[in-house]
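Summary of the model geometry
These are the residues of each chain, in order.
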Amino acid sequence: MRRYDEREHFSEISILLSEIQSDVEQLNSRAQSMPQTPQTLREGIAALADKIDALCDLSRR
C-alpha cells in the first residue's frame, strides 16, 4: 500500500482551490454582467469570490 505523501496532499488542495477560485470568478463575472441578476445575489457572489481569493492567498503562504 502506497503511503500518502503530505506534499501530494497540499498539492491536491492547491489545485482544488485554484479550480474553485476560477469557477467562482467566472460565476461572479457572469452575475455582474447580467442586469436581471438581483443585486443581493450579485453582492453575495462577489463576497464569496473575495473570501475564496483570501483562502487561496492563505494557502500559498
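Our structure is the block above this text.
Residues numbered from 1 in each chain as written. Predicted model: local features only at pLDDT ≥ 70, side-chain atom pairs only at ≥ 80, totals over all residues. Heavy atoms only, no water.

Digging into the nonpolar core
Ranked by size, the top nonpolar core spans five residues in total: Leu17, Val24, Ala49, Ile52 and Cys56. Looking at this core, the elements with two or more residues in it are helix H1 (6–33) and helix H2 (39–59). Of all the elements, H2 adds the most residues to this core, at three residues. Val24 has contacts with Leu48, Ala49 and Ile52, leaving out every residue within four places of it along the chain. (Core = buried A, V, L, I, M, F, W, Y, C linked by side-chain atoms within 4.5 Å. Buried < 20%, exposed > 50% of the residue type's maximum accessible area, 1.4 Å probe, protein only. Helix = DSSP H or I, 4+ residues; strand = E, 2+ residues; numbered from the N terminus. Contact = heavy atoms within 4.5 Å.)

A closer look at H2
An α-helix turns once per 3.6 residues; consequently, residues spaced three or four apart project the same way. Compared with an ideal rise of 1.5 Å per residue, which puts 21 residues at 30 Å, H2 spans 30 Å between its outermost C-alpha atoms and is within 8% of the ideal. Where H2 is concerned, the buried positions are Arg42, Ile45, Ala49, Ile52 and Cys56. One side of H2 carries all its buried residues, which in axial view fall inside an arc of 90 degrees. Those residues of H2 that are exposed and aimed more than 90 degrees away from the buried face are Thr40, Asp50, Lys51 and Leu58. (Expected span 1.5 Å × (residues − 1). Arc of directions from axis to C-beta.)

As for H1
When the terminal C-alpha atoms of H1 are compared, their 41 Å separation across 28 residues agrees well with the 40 Å that a helix rising 1.5 Å per residue should span. Taken together, the buried positions of H1 are Leu17, Gln21, Val24, Asn28 and Ala31. Buried residues belonging to H1 abut H2.

Some words on the pattern of salt bridges
Within the structure shown, the criterion is met by one salt bridge. Between Asp57 and Arg60 there is a salt bridge, and its shortest N-O distance comes to 3.1 Å. Classification of Arg60 by relative accessible area gives exposed; the value is 52%. (Salt bridge = Lys/Arg side-chain N within 4 Å of Asp/Glu carboxyl O.)

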